[in-house]
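Each chain is listed here by its residues.
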Amino acid sequence: VYDDRAVPHIFAATEGDAVRALGYVVARDRLFQMELQTRAASGRLTEIAGARAVALDREPRQLGMTRAAEQKLAALDPASRGARAIAAYADGVNAYIDEMRSQDVPIEYRLLGARPERWRPIDTIHLLNRMGWTLAYGEADLQRVATSALVGHAAADALFPAHMPIQEPIQPNGQRAPRFDADPIPPPGAPDSDAAIVARAAAPVRSGPPSTLAWTPGELARAGDALGSNNWAVAPARSASGHALLAGDPHLDLTLPSIWYEAHLVVPGKLDVYGVTIPGAPGIIIGFNRDLAWTFTNSEADFLDFYAETVDDTLHPTKYRLDGAWRPLERRVETYRGKRGEVVATDTVYYTHRGPMRREGKRWLSMRWTVLDPSDEIEGFAGASHARTAEEWYTAMAAYSAPPQNMLVADRGGTIAIRTVGKFPLRPDDGRGDEIRDGSRSANDWTGWRPASRVPNATNPAQGFLASANQQPIDPRVDPSYMGARWADPWRAIRINSLLRADSAVTPDAMRRFQTDPGSARADLFVPAFLAAAKRRIARGGPPTMLPEAARLLAQWDRRYTPDDRRAVLFEAAMRELANRTWDELVPPGGGTRRVATPPGAVLAELLSDSTSAWWDDRSTPGVRETRDDILALSLILGLVDAEREHGSPDGDGWLWRNVQHANIHHLLRLPSFSRLNLPVQGGPSTLSPSAGEGTQGPSWRMVVELGPELRAWATYPGGQSGNPASPRYADRLPLWLAGRLDSLRVPHDERELGPAHTSAVLTLTPATRSAP
C-alpha cells in the first residue's frame, strides 16, 4: 500500500515474501540506480559506457573489492538469515525485470544504449563493499605519511595526531564543556624521503578527470565535514514528553535519485520495521520498529594498513618474501569488457596474505583492510530489525564487521545507548596504522581485534543525552590506545552538545531545529582570534589600510550561516587564506599551491596558543619572521580582497550567503536537466547541517523519533521515491529538505489503517510458489 508520500508499506505473510516485495518495489522505482551503483562497485561500468570508464573500473578491482565480494558470497552460510534475505531480494528484483514492459525501461538505459541486467545476490555484496569504500578509504588514511615526506615524523605526528587537541568525545567523559589540550607543535623538520613512496601509493587508482558517466560514492570532491554524520539521543528525564528521543542525520553524497529509499515492512507477529534502505540492500538500514529506533555515524577509525613488500621481480613478481622465505603471490587477471563484450583492457592484480598489492616506482605495497574480509552485515541488520531493547539490538549487530559505525539506539523503555560497532584491528608496537610497515616480517601483521570491553560505548549517561558527529570517540585520558588519526574536527560535536546541555525539556521540534542549526563552534573560536589580532596589529601603529575595515565587517557577524547573512563570506575567505599561509610548508617543491594534506581545524586552533611558532612564518618572505598576529591580520585583509573581488560590495546581494553557498544535487549521469543545482541552503562549513565546497555532500536523510507508548516519527531526504526524472515523485521532497522541515511519517499497523485519504496506490504481489516462513 503506497501512502500519500509514495512510501510502500509492505504487508506480507512471511519475512521472505516481505524482502521479495521490497526488491520488487525498489526495482520498480530505482532500477537504473541499482544497476549503476553495483556496476561501479564491481568495476563493470565499461560494459555500458565503453572504454572511457576503464579508469573508474580499475579502482575497485585493484583494491580487491571484486574478489572480496566473491569470497564473501562463497563464505555465506546459505541457511543464514542474511544469505536468505539476499536471495529473496534478488528474486523480487528479477520478478519486476521479467515482467517489465519496454515503455517501463528507465530513460537512462536508452541514453546509454543498454538494457537492464538481472540482479544477482553478489550485487548486494558489491554495493555494501562500495559503501565501505566510501566511508573508509581515501587519501586521508595516510595524511600523516604524506606530511612526513615534507616536514618529518615529529611534525607530522603533531599535525595529524592520534588524539585531537580539543576533546568532546562520543563516550561522555563527565565534563560539561569541551577540553582544550594544547601542546607546542614541533617546527618543520627534515623530510622523510621514504614516506613519499607511501603517499603516492595512497592516491586513488583512477587517472584522468572525474567521470561524468556515473556517480560513484566518494568520487566527488570532499569538502570539510560535509561527508560525515550527526546523531543524538535524549533520555526521558530531559525530554518534554518524558519519552526518549532520537535524531539521525547521515551526511553523504547528494544525488538524484537519492541514495536512500523509504519503506515499511510488516509481517504480523514477526516484523514491523520502518526507515530507509539503500537500493540494493535487502532490509532497512536506518529506522525504527515499534520498540526502538537506531541510526549511525561513521566512526572514522583506522582499519586499513599498507605494507612495503619484497618481491622477486619488480616488473612481473611471482613471489614475496616473508620471515626469510619466499611465498607465492596470488595472481588475478582483471578483464574489462565493452558494450558488445569485447575486451577493452586487462590488468593483473597480485595478492599477498594481507591483500592486494600495487606498484609504486620500484616498490610494491600491499594492503590489509577489514572491508575485504568475509562478513555478513545483512545478518546483523536483519536481526536488529526484530530487537525490542537496545541491548537486544547490539547483540544482533555483533554480526556487523565493516566499516565500523557509531550506532545510536533509543528504546521505548527509556534507554539511550551508543556503541562503536565493527572490527577494530590491534597492531604491534605503538599500534598506529597510518604509516608504512615492513611487509617482510609477519611480526608487523595485525595481532587480533579490540575486545568488546575496550570499544567506545555509553548507556544512559548521567548527563541525559548522547551525541556523535564523527569526532574522536573516547577521551584519551580514559583509553589512550590507537583507534585512528583522521577524526572529524570537533565543531559539530561541540555545537550539538552545547544545544543539548542548554535544553532540559527537549521536544521533537527542537530536535528537528537542531538538525539545521546555523551556529558554528568553529566561528565562535576563530572570529575572536581574528579580531584580537587585528586590534593588536592596529595598536602597534601603521597597519595596512584595509585592516580596520576588514575587522569592522567581521565584527558585525553573528557567526550564524543563515541564507540572508552577509558576513559569513568574509570569514570563510579569511579562513582559506589562514590555512594557505599557515600550512605553506605542506606544499611540495614544484607543487604550485596545492598542499599534500591539510591538518585538522582543531590543530590550527591549537596553534593559536603559540604566537611565535615556526609554523606562522611565511616561507615566501625570507628574512622576515611572521608571528600569529601577522598571519591572522594578513589573512583577514586578503579575505576581504578576495570576497570583494568575487562578490562585489560587502553590502550588496553578492555577499548574501544564499547567493554564495549552494547545494548541488547531481543526477547519476550528471545530466543538468535531471539534476537540481544552485539550491540555497542554511548552514556552512562545520555547522550541524554542513555545506561547503561544491555543495555535493550533505544531510542525506533527516529523522527524528519519539519512543512513547505509541511511536511517532518525522523525516525527509533531498529527493523523492521515484528514479524517473519525469515523475512528480522524483524530487518532491526537496522543498521540505531545503526549508529544514520534516514530514510526519505514517506507520500503519495493517493495510487498512491508512485509509483512502492517505493511500495513493495499492499493489498486490502473489507468490508463484509458497515461500518458507
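Preceding this section is the structure that the text describes.
Residues numbered from 1 in each chain as written. Predicted model: local features only at pLDDT ≥ 70, side-chain atom pairs only at ≥ 80, totals over all residues. Heavy atoms only, no water.

Taken as a whole and assessed by the stated rule, the structure comprises 58 salt bridges. Taking the shortest distance from any N to any O, the salt bridge between D98 and R118 comes out at 2.5 Å. Taken together, the residues span a long stretch of sequence, with D98 in helix α5 (residues 81-99) and R118 in the loop between α6 (107-112) and α7 (121-136) at a distance of 20 residues. Classification of R118 as partly exposed rests on a relative accessible area of 43%. With its nearest N and O atoms 3.2 Å apart, the salt bridge here joins D429 to R437. Residue R437 is classed as buried on the basis of its relative accessible area, which comes to 5%. (Salt bridge = Lys/Arg side-chain N within 4 Å of Asp/Glu carboxyl O. Helix = DSSP H or I, 4+ residues; strand = E, 2+ residues; numbered from the N terminus. Buried < 20%, exposed > 50% of the residue type's maximum accessible area, 1.4 Å probe, protein only.)

Between two packed helices, what matters for the description is the angle formed by their axes and the separation of those axes. Interaxial distance between helix α15 (residues 521-539) and helix α17 (residues 568-582) falls to 11 Å at its minimum, and their mutual angle equals 75°. With respect to each other, α15 and α17 are oriented roughly perpendicular. Residue-level contacts link R522, A523, F526, V527 and F530 of α15 to F571, E572, A574, M575 and L578 of α17. Of the residues in the contact of α15 with α17, the class split is eight nonpolar, no polar and two charged. (Axes fitted to C-alpha atoms, helices over the stretch in contact; angles between N-to-C directions. Parallel < 35°, antiparallel > 145°, perpendicular 65-115°, else oblique. Contact = heavy atoms within 4.5 Å. Nonpolar A, V, L, I, M, F, W, Y, C, P; charged D, E, K, R; others polar.)

What follows concerns the sheet that holds strand β7 (residues 255-256). Picture the strands of a sheet paired through backbone hydrogen bonds; they go either parallel or antiparallel. If you walk across this open sheet you meet the three strands as β7-β26-β27, and the pairing is mixed. Of all the strands in the sheet, the pair left with one neighbour each is β7 and β27 (676-680). (Pairing = 2+ DSSP bridges.)

Turning to the sheet that holds strand β18 (residues 363-369), a few remarks are in order. Overall, mixed pairing links the four strands, which are arranged β17-β18-β12-β22 in an open sheet. On the outer flanks of this sheet lie β17 (357-360) and β22 (436-438), each paired with one strand and no other. Across the sheet, the axes of successive neighbouring strands diverge by a mean angle of 35°, strand direction being ignored. Two strands pair when backbone bridges link them, and strand β12 (residues 304-309) and β18 are joined in this way by six bridges, in the antiparallel orientation. If you follow Y307 over to β18, its bridge partner there is S366.

This brings us to the environment of D651. With respect to the element layout, D651 can be found in the loop between α19 (628-647) and β26 (662-667). Sequence separation between D651 and R566 is 85 residues; the distance between their C-alpha atoms is 7.1 Å. Not counting chain neighbours up to four residues away, the residues in contact with D651 comprise R566 and R567. In this structure the side chain of D651 is engaged in a polar contact, spanning 3.0 Å, whose partner is the side chain of R567. (Polar contact = N/O pair within 3.5 Å; in protein donor to acceptor, adjacent residues only side chain to side chain.)

Attention now goes to the environment of P116. Relative to the helices and strands, P116 resides in the loop between α6 and α7. In this structure P116 comes out as buried when scored by relative accessible area, which is 16%. Separated by 84 residues in sequence, P116 and F32 have C-alpha atoms that sit 7.5 Å apart. Setting aside its immediate chain neighbours within four residues, P116 contacts L31, E35, M100, V105 and Y109.

Counting residues in each nonpolar core, the largest one holds 95 residues, and the members touching the most others are W260, L265, F288 and W393. The element contributing the most residues to this core is helix α1 (residues 15-42), with 13 residues. The residues contacting F288, other than those within four sequence positions of it, are D272, V273, Y274, A293, W294, M703, V705, L711, A713, L745 and V747. (Core = buried A, V, L, I, M, F, W, Y, C linked by side-chain atoms within 4.5 Å.)

The subject of this paragraph is empty space enclosed by the protein. Any empty space left between the atoms is revealed when a probe the size of a water molecule rolls over them. Enumeration over the complete set of coordinates arrives at 11 cavities of 30 Å³ or more. Taken as a whole, the largest cavity encloses approximately 120 Å³ of empty space. Taken together, 14 residues make up the lining of the largest cavity; nearest its centre are K72, I125, L128, S375 and E377. Broken down by secondary-structure element, the contributors of at least two residues to the lining of the largest cavity are α7 and α11 (377-384). Counting residues per element, the lining of the largest cavity draws most heavily on α7, which supplies four residues. (1 Å grid on protein atoms, 1.4 Å probe; cavity = no way out; pocket = protein on both sides within 12 Å on 5 of 7 lines; lining within 4 Å. Points joined across faces, edges and corners; volume = space filled by probe spheres on them.)

Attention shifts here to helix α8 (residues 143-151). Of all nine residues making up α8, nine are buried, and the element is well covered by its neighbours. Those residues of α8 that fall on the buried side of the exposure criterion are Q143, R144, V145, A146, T147, S148, A149, L150 and V151. Positioned one or two residues after α8, G152 has a phi angle of 85°, which is positive.

Moving on, we come to the packing of aromatic side chains. What the rule picks out here adds up to 18 aromatic pairs. Between the aromatic rings of F32 and Y109, the centroid separation amounts to 5.2 Å while the plane-to-plane angle is 85°, which identifies the pairing as edge-to-face. Of the two residues, F32 is situated in helix α1 and Y109 in helix α6; the sequence distance between them amounts to 77 residues. Accessibility classification places F32 together with Y109 in one group, the buried group. (Phe/Tyr/Trp six-rings, centres within 6.5 Å; stacked < 30°, edge-to-face > 60°.)

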